[in-house]
Amino acid sequence: CVKFWDVASGRQMGESVLLRHNGWIHSIVFNPYLKLIVSGNNDMTVRVWDVANVKEVMKTCDYTRVNCVEYSRSGRLLAVGYDSNSIDIWDIVRGVRIPMKGHCRLIRSIAFSYNDRWIVSGSEDGAVRLWDIVSRKQVGNAIDDYGCRLTSVGFSPDSRWIVSGFVDSYRDWE
């Protein structure tokens with residue numbers, strides 16, 4: 001389920017269970033401009049929820065578990081990482097789905113650069129990949145750290161650095 005909490009009071013807002021999936025929720029994110037949240041989970045769906053009306057407004061039925069979801073800084077693009085080693089970039093304004101493939105194992109984490117030019121993805125195979133959103137292609141070679149279980153990736157505020165977190169350590173890459 002998805003629950004809303006008031007930061008100032010620490011209290012849950014509304015009903016005890018507001019929104020439901022049919023499995024574990026692996027990732028959830030607010031759209032930075034619209035009153036929407038997106039969640040992805042074990043039931044192989046990405047669901048978009050209207051926060052103001054507390055209702056589901058869109059649901060995709062995918063063929064594999066959804067591990068991570070992330071909005072771009074502009075709020076126009078949504079990235080989704082799957083168990084199937086793939087990433088989809090959704091242009092939510094045009095309703096276009098852009099697939100990106102290149103990893104050998106499931107996607108654990110995705111992040112947009114602060115200028116919305118690139119996306120970085122991290123996989124259970126230990127690889128970190130940088131993607132150009134416009135060309136839809138991988139930039140350079142993957143940064144591989146075989147043998148380490150990657151858990152998260154991110155960009156520095158100036159989009160010059162990528163950081164990756166692993167079960168037992170972290171790395172930063174320029």
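That block above? That's the structure.
What comes next is a walk through the structure. (Residues numbered from 1 in each chain as written. Predicted model: local features only at pLDDT ≥ 70, side-chain atom pairs only at ≥ 80, totals over all residues. Heavy atoms only, no water.)

1. Focus: a nonpolar patch on the surface
This is how it is decided: A patch consists of residues whose relative accessible area exceeds 30% and which take part in no salt bridge; residues with like charges are grouped when within 9 Å of each other, and nonpolar side chains (Val, Leu, Ile, Met, Phe, Trp, Tyr) when within 5 Å. Methods summary: accessible areas were calculated by the Shrake-Rupley approach with a probe of 1.4 Å, and residue burial reflects only the protein chains presented. Salt bridge criterion: a side-chain nitrogen from Lys or Arg within 4 Å of a carboxyl oxygen from Asp or Glu. Strands are runs of DSSP state E lasting at least two residues, helices are runs of H or I lasting at least four, and both sets are numbered from the N terminus onward.
A contiguous nonpolar patch, built from Tyr33, Leu34, Ile92 and Val93 and spanning about 430 Å² of accessible area, is present on the exposed surface. Inspection of the secondary structure puts Val93 in the loop between β9 (86–91) and β10 (96–101).

2. Overview of the sheet that holds strand β8 (residues 77–82)
Going by this rule: Here the rule is simple: two strands pair whenever DSSP picks up at least two bridges between them. Here, axes are lines fitted to C-alpha atoms. For helices the fit covers the stretch in contact, and angles between N-to-C directions go from 0 to 180 degrees.
Taken in spatial order, the 4 strands line up as β7-β8-β9-β10 in an open sheet, and their pairing is antiparallel. Each end of this open sheet is capped by a strand with a single partner; those strands are β7 (66–71) and β10. Pairwise comparison of adjacent strand axes, ignoring direction, gives a mean angle of 20 degrees for this sheet. Bridge count between β8 and β9: 5 bridges; the pairing is antiparallel. Each bridged residue has a counterpart across the sheet, and for Ala79 the counterpart in β9 is Ile89.

3. Brief notes about the side chain of Asp43
Note the cut-off: Pairs of N or O atoms within 3.5 Å make up the polar contacts considered here, provided that, within protein, one atom can donate a hydrogen while the other can accept it, and that residues adjacent in sequence are counted only when both atoms are side-chain atoms.
Here Asp43 shows up in the loop between β4 (36–41) and β5 (45–50). Among the polar contacts listed, one links the side chain of Asp43 to the side chain of Arg47, at a separation of 3.0 Å.

So, to be careful, I would describe these as geometric facts and stop short of saying anything about function.
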